[in-house]
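Structural characterization, general
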Amino acid sequence: MNFYESDENLQDLLRQSWEDPFFRWADERLHFFGGRCAQDIDERAVHTDREGQPKLIKYDKMGNDISEVWLNQGYKKTIEETYGEGIVGYLHKEIPELGQKGDYMYSYAQGYLLSQAEPGFYCPVTLTMATAYLIDHYADESLKAKYLLHVISTGDVELYEGATFLTERQGGSDVGANEVKATKEGDHYTIHGEKYFASNAGACGVAMVLARTEGAPSGTRGLSLFLVPWRNEAGDLNGIQIRRLKDKLGVRAVPSAEVEFTGAKAFMVGEAEQGFYYMMEALNLSRVCNAVASIGIMRRSLTEARDYATKRNAFGHSLIQYPMVKDTLVSMTVKQEVETRAVFDMIQAFEKVARQPEEAKIEEHILNRVRIAIMKKETAEKAVEFSHEAIEMHGGNGYIEDFVTPRLLRDAQVLTVWEGTANILGLEVLKLFNKYQGHELFVQHIQERLEVVQNKGEEHKLVKDAVLNFTSYADEVLKQADEVQTFYSKTLAGKMALLYEAVVALEMMEKGARFEKVGKLFIHQQMQTEVPTAEPLALRYADEILHLNKAFT
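The rules behind each value
Counting starts from 1 at the beginning of each chain's written sequence and moves along it residue by residue. Residue-level local features of this predicted model are given only where pLDDT is at least 70; pairs of side-chain atoms are given and counted only at 80 or more, and the full residue set underlies all totals for whole chains, interfaces and linings. With hydrogens and water stripped out, all remaining heavy atoms of the structure feed into the side-chain values. Secondary structure is summarised from DSSP: a helix means a run of H or I of at least four residues, a strand means a run of E of at least two, and numbering begins at the N terminus for each. Here the globule rule reads 2.2 Å times residues to the power 0.38, and the radius of gyration is calculated from C-alpha atoms. Exposed residues in this analysis have more than 50% of their type's maximum accessible area, buried residues have under 20%, and partly exposed residues fall in between, with area computed by a 1.4 Å probe over protein chains only. Here, residues are in contact when the closest pair of their heavy atoms is within 4.5 Å. Under the convention used here, Asp and Glu are negative, Lys and Arg are positive, and both His and the chain ends fall outside the count. Note on charges: their place is set at NZ of Lys, CZ of Arg, CG of Asp or CD of Glu. UniProt positions are given in the numbering used here, feature names are shortened, and annotations may be inferred rather than shown by experiment. Ring pairs are drawn from Phe, Tyr and Trp, using the six-membered ring of Trp, whenever the two centres fall within 6.5 Å, and their geometry is named by plane angle: stacked under 30 degrees, edge-to-face over 60, tilted for the rest. What counts as a domain boundary in this text is fixed by an automatic or database domain assignment. Working convention: axes come from line fits to C-alpha atoms, limited for helices to the stretch in contact. Angles between N-to-C directions cover 0 to 180 degrees. Working rule for angles: under 35 degrees goes down as roughly parallel, over 145 as roughly antiparallel, 65 to 115 as roughly perpendicular, anything else as oblique. Left-handed is the label given to a crossing in which the near helix is rotated counterclockwise from the far helix by less than a right angle, and right-handed is the label when the rotation is clockwise. Under the scheme applied, nonpolar residues are Ala, Val, Leu, Ile, Met, Phe, Trp, Tyr, Cys and Pro; charged residues are Asp, Glu, Lys and Arg; polar residues are all the others, including Gly. Throughout, disulfides are identified as pairs of cysteine sulfur atoms within 2.5 Å of each other. Salt bridges are identified by distance alone: a Lys or Arg side-chain nitrogen within 4 Å of an Asp or Glu carboxyl oxygen. Expected helix span is given by 1.5 Å per residue-to-residue step, counting one fewer step than there are residues. Two strands are counted as paired when DSSP detects at least two bridges linking them.

With respect to the overall build of the protein chain
Regarding its fold elements, the protein chain presents 16 helices and 13 strands. For the protein chain, the C-alpha radius of gyration of 24 Å lies close to 24 Å, the compact-globule estimate for 553 residues. Considered along the principal axes of its C-alpha atoms, the protein chain spans approximately 75 × 55 × 45 Å. Counting all 553 residues of the protein chain, 58% fall into the buried class. Long-range pairs, those at least 24 residues apart, make up 74% of the contacts in the protein chain with a sequence separation of at least 6. Taking the 62 positively charged and 83 negatively charged side chains of the protein chain as two groups, their mean positions are separated by 2 Å.

What about the UniProt feature "domain: Adaptive response protein AidB N-terminal" (unreviewed entry) in the protein chain?
In this structure's numbering, the residues bearing the UniProt feature "domain: Adaptive response protein AidB N-terminal" (unreviewed entry) are residues 2–148. Helix makes up 62% of residues 2–148 and strand 10%, whereas the separation of the span's terminal C-alpha atoms amounts to 33 Å.

What to know about the packing of aromatic side chains
Taken as a whole and judged by the stated rule, the model has 21 aromatic pairs. Taking the centre distance of 4.9 Å and the plane angle of 65 degrees together, the rings of Trp18 and Phe22 count as edge-to-face. Judged by relative accessible area, Trp18 falls into the buried class, the value being 9%. Pairing Phe442 with Phe470 gives two aromatic rings, centres 6.4 Å apart and planes at 75 degrees, and the pair type is edge-to-face. Residue Phe442 is located in helix α12 (residues 438–452), and its partner Phe470 is located in helix α13 (residues 458–478); the two are separated by 28 residues in the primary sequence.

Some details on the domain arrangement of the protein chain
Looking at the assigned domains, one finds that the protein chain contains domain 1 (8–152), domain 2 (162–272) and domain 3 (422–552). On a C-alpha basis, the centroid separation for the pair domain 2 and domain 3 is 40 Å.

A few points about the UniProt feature "domain: Acyl-CoA oxidase/dehydrogenase middle" (unreviewed entry) in the protein chain
Residues annotated by UniProt as "domain: Acyl-CoA oxidase/dehydrogenase middle" (unreviewed entry) correspond here to residues 163–262. Each end of residues 163–262 is marked by a C-alpha atom, and these two atoms are 18 Å apart; helix forms 0% of the span and strand 47%.

With respect to the packing of helix α4 (residues 104–115) against helix α7 (residues 275–311)
Viewed as axis vectors pointing N to C, α4 and α7 meet at an angle of 45 degrees, and their least axial separation amounts to 7 Å. As far as their axial angle goes, α7 and α4 are oblique. Between α4 and α7 the crossing geometry is right-handed. Along the contact surface, α4 presents Tyr104, Tyr108, Gly111, Tyr112 and Ser115, while α7 presents Leu285, Val288, Cys289, Val292, Ala293, Ile295, Gly296, Ile297 and Arg299. Grouping the amino acids of the contact of α4 with α7 by side-chain chemistry returns 10 nonpolar, 3 polar and 1 charged.

Some details on the state of the cysteines
This structure, assessed with the given rule, holds 0 disulfides. For the unlinked cysteine Cys37, the closest cysteine sulfur is that of Cys289, found at 15 Å. Between Cys123, a cysteine without a disulfide, and Cys289, which holds the nearest cysteine sulfur, the sulfur-to-sulfur distance is 9.5 Å.

A look at the pattern of salt bridges
By the definition in use, this model includes 43 salt bridges. Here Glu351 and Arg355 are joined by a salt bridge, their closest N and O atoms 3.0 Å apart. Of this pair, Glu351 and Arg355 both sit in helix α8 (residues 323–355), 4 residues apart, which is roughly one turn of the helix. The exposure class assigned to Glu351 is buried, which follows from its relative accessible area of 16%. On the basis of relative accessible area, Arg355 is assigned to the partly exposed category, the value being 27%.

Concerning the environment of Ala117
With respect to the helices and strands, the residue Ala117 is situated in the loop between α4 and α5 (119–138). In this structure, the C-alpha to C-alpha distance between Ala117 and Gly34, residues 83 residues apart in sequence, is 9.7 Å. Non-local contacts of Ala117, meaning those with residues more than four positions away in its chain, are made with Phe3, Cys37, Ile41, Asp42, Ala45, Arg300 and Arg407.

Let's talk about helix α11 (residues 422–436)
In a regular helix each residue adds 1.5 Å, so 15 residues correspond to 21 Å; α11 covers 20 Å between its end C-alpha atoms and thus fits that length. Within α11, the full set of buried residues consists of Ala422, Leu425, Gly426, Glu428, Val429, Leu430, Leu432 and Phe433. Residue Gln437 follows α11 closely and has a positive phi angle near 55 degrees.

Describing the pairing of strand β7 (residues 188–199)
With 5 bridges joining them, strand β6 (residues 181–185) and β7 adopt antiparallel strand pairing. Bridge assignment links Thr183 to a residue of β7, and that residue is Thr190. The sheet contact formed by β7 and strand β11 (residues 256–269) spans 9 bridges and is antiparallel. Residue Gly193 lies in a different strand from β11, and its bridge partner there is Phe261.

A word on unusual backbone geometry
Trans peptide bonds make up the majority, and among non-glycine residues the majority have a negative phi. Phi is positive for Asn200, which is not a glycine, with a value near 70 degrees. Mapped onto the elements, Asn200 comes out in the loop between β7 and β8 (206–213).

Examining the side chain of Ser286
Tracing the sequence through the fold places Ser286 in helix α7. Beyond its immediate chain neighbours, meaning those up to four positions away, Ser286 contacts Thr126, Ala130 and Glu419.

Brief notes about the packing of helix α9 (residues 362–394) against α11
For the pair α9 and α11, the least separation of the axes is 10 Å and the interaxial angle reads 155 degrees. With respect to their mutual orientation, α9 and α11 come out roughly antiparallel. Two packed elements cross with a definite hand, and for α9 against α11 that hand is left-handed. Taking contact as the criterion, the partners of Ile366, Arg369, Val370, Ala373, Ile374, Lys376, Lys377 and Glu381 in α9 are, on α11, Ala422, Leu425, Glu428, Val429, Lys431, Leu432 and Tyr436. Class assignment for the residues of the contact of α9 with α11 results in 9 nonpolar, no polar and 6 charged.

In structure tokens, the structure reads:
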């Protein structure tokens with residue numbers, strides 16, 4: 001098994017995204033990493049989930065609070081291998097073989113492969129990506145010189161994984177209620193207070209922490225961003241204590257903790273009272289990671305369901321020979337491949353805004369936020385749905401921990417919560433509508449892409465009509481009182497995700513015979529009421545879409 005070699009959709013979209021020299025290099029590295037993810041990293045993930053979860057060593061033998069987090073050796077090996085492939089590092093430094101930096105497409109392709117094996121570990125990778133982004137964009141030169149090379153290490157220097165600590169007990173999504181304090185002490189600050197859900201605690205080398213300086217206003221406007229080393233130069237804890245590790249439903253690979261700062265030495269990053277703004281930029285990056293993890297779980301769920309249906313016999317036939325099973329697998333394949341294309345389309349647009357935010361137009365920033373919000377919501381919900389379908393395909397076996405399916409469901413569930421729930425994302429969409437006319441920009445963007453699509457047939461008309469229907473629906477919602485608008489916010493986000501994916505599906509139809517069938521079927525399934533026929537479209541296309549003449553490699 002190799003997660004990269006078996007995914008022709010991923011290979012095709014990457015081939016079209018990169019110039020040939022970079023694609024040839026990346027293709028080779030992704031072949032290697034896809035094999036590691038499907039084999040060794042996947043095996044280690046099973047051990048971490050079941051027997052090797054992180055453990056808090058609170059006190060040493062003399063009763064001193066050392067707040068150390070134990071990680072198993074296999075997990076440490078996965079850390080070494082993954083960062084060594086440049087999943088974070090090559091976003092910020094040159095690839096030795098090419099003499100150029102990598103891009104977000106490459107990093108997120110790695111994250112997509114990694115999430116099929118160990119979505120729990122992709123959380124620390126995400127936090128390290130966000131930490132590197134914040135240091136690179138906003139820290140002064142002295143902080144960059146001291147910490148950035150460690151955060152972006154590919155094995156050349158000691159690795160400092162990152163963390164971003166926002167959540168407090170009284171705040172949660174209401175970050176403006178945060179109370180952690182920062183006090184000026186000469187050339188640095190000291191941090192006092194508690195972060196209630198601090199992922200990668202004890203494993204990180206540095207944490208990016210939101211705190212309120214003395215005299216700062218209340219709400220998000222008064223928050224500043226600080227770099228907090230986990231340990232001081234003597235190797236001791238830097239005024240930090242871990243109260244306990246969270247006992248989570250899934251993603252057990254990542255240590256999530258309640259952390260107490262008792263005078264931790266910290267350094268302000270960027271301008272005072274701009275911390276929330278900086279962290280929201282990092283949050284957008286993390287939301288893209290969340291979407292990537294979601295399509296990774298969708299892909300693994302599909303792989304497991306298809307493989308089991310091929311091998312399992314019932315009532316004299318393999319499961320995959322039954323029409324209802326074919327329909328399930330075809331529908332999963334079509335949705336996963338179109339949604340993967342949409343996510344990587346979003347990543348290409350995100351690249352420019354993330355790399356050079358000051359040069360991007362305001363319209364590009366708004367569309368970037370719209371796409372990220374709607375796709376984070378859509379992919380997270382579908383990851384849960386796909387893992388459920390994989391369990392059902394396995395029957396009773398799907399509920400047994402000998403199979404990967406229970407872990408996929410447990411790990412998928414957090415993706416609807418991390419980086420903003422559906423309610424929070426719906427409110428984000430409404431804010432972009434009311435403050436920046438984000439719906440008009442989105443519709444204009446979709447219509448521009450519709451104009452250049454070569455296929456102007458039935459599928460094109462279905463999508464075009466859906467755009468008109470959405471425009472009318474959005475206009476009616478925005479006429480309502482604010483409280484009523486919130487009622488419709490998630491529906492708006494769902495409709496936008498469907499339109500975005502439908503345009504991607506139309507474009508996908510021009511990529512070859514099989515992709516034409518995938519795109520066509522997606523649009524018909526999502527935008528047309530099915531009428532019973534002797535040969536449903538999903539069954540007519542099943543053999544080619546599912547590659548029933550060959551097994552997954």
